[in-house]
Amino acid sequence: MALSPSQFVALKNLARKKAGEAVDWINIADARILTDLGLAERNGGGWVITSDGVATLADHESGHLD
């Protein structure tokens, strides 16, 4: 699956957030698309990356996805 540059940034920010790093903001439109794709979800603490999102990010960073 191909993510737009802004969706990829949002996914990376969600991964950084999960790791406990401070992140600026997550674009809501991008987060909603990531949610539709199963790569993120919304909970009481805001948007969070899913295990599928972590795997997609790892695949993208390793060059398996364009």
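Here, every reference points to the structure presented above.
Procedures and definitions
Residues numbered from 1 in each chain as written. Predicted model: local features only at pLDDT ≥ 70, side-chain atom pairs only at ≥ 80, totals over all residues. Heavy atoms only, no water. Helix = DSSP H or I, 4+ residues; strand = E, 2+ residues; numbered from the N terminus. Rg over C-alpha atoms; globule rule 2.2 N^0.38 Å. Buried < 20%, exposed > 50% of the residue type's maximum accessible area, 1.4 Å probe, protein only. Areas by Shrake-Rupley, 256 points an atom, 1.4 Å probe, with all protein chains shown as cover. Pairing = 2+ DSSP bridges. Phe/Tyr/Trp six-rings, centres within 6.5 Å; stacked < 30°, edge-to-face > 60°. Lys NZ or Arg CZ within 6 Å of the ring centre and 35° of its normal. Axes fitted to C-alpha atoms, helices over the stretch in contact; angles between N-to-C directions. Parallel < 35°, antiparallel > 145°, perpendicular 65-115°, else oblique. Contact = heavy atoms within 4.5 Å. Nonpolar A, V, L, I, M, F, W, Y, C, P; charged D, E, K, R; others polar.

> Explain the overall build of the chain to me, please; I cannot follow it from the model alone.
On a plain count of helices and strands, the chain comes out with 3 helices and 2 strands. In the chain, the order of α-helices and β-strands from amino to carboxyl end is α-α-β-β-α. By the compact-globule yardstick of 11 Å for 66 residues, the chain fits well, its C-alpha radius of gyration being 11 Å. Projected onto its principal axes, the C-alpha coordinates of the chain cover approximately 30 × 25 × 20 Å. Here the chain holds 66 residues, and 30% of them are scored as buried. Surface accessibility of the chain: about 4,100 Å² in total, with carbon and sulfur atoms responsible for 53%.

> What's the story with the pairing of strand β1 (residues 40-43) in this structure? I'm lost.
Remember that side chains alternate between the two faces of the sheet whenever the strand is regular. Across 4 bridges, the pairing between β1 and strand β2 (residues 46-49) is antiparallel. Looking across to β2, one finds that N43 is bridged to G46. Once β1 ends, the chain turns through 2 residues before running back antiparallel as β2.

> It is not clear to me how the packing of aromatic side chains should be interpreted in this structure. Could you clarify?
Given two aromatic rings, one states the distance between the centres and the angle between the planes to describe the pair. What the rule picks out here adds up to 0 aromatic pairs. Lying across the ring of W47, R42 places its NZ or CZ 5.2 Å from the centre.

> Looking at this structure, how should I read the packing of helix α1 (residues 5-18) against helix α2 (residues 28-36)?
A pair of packed helices is characterised by two quantities: the angle between their axes and the separation of those axes. Where α1 contacts α2, the two axes come as close as 9 Å, and the packing angle between them is 80 degrees. Comparing the axis directions of α1 and α2 gives the class roughly perpendicular. Along its contact with α1, which presents S6, Q7, A10, L11 and L14, the element α2 presents D30, I33 and L34. Across the contact of α1 with α2, the residue classes break down as 5 nonpolar, 2 polar and 1 charged.

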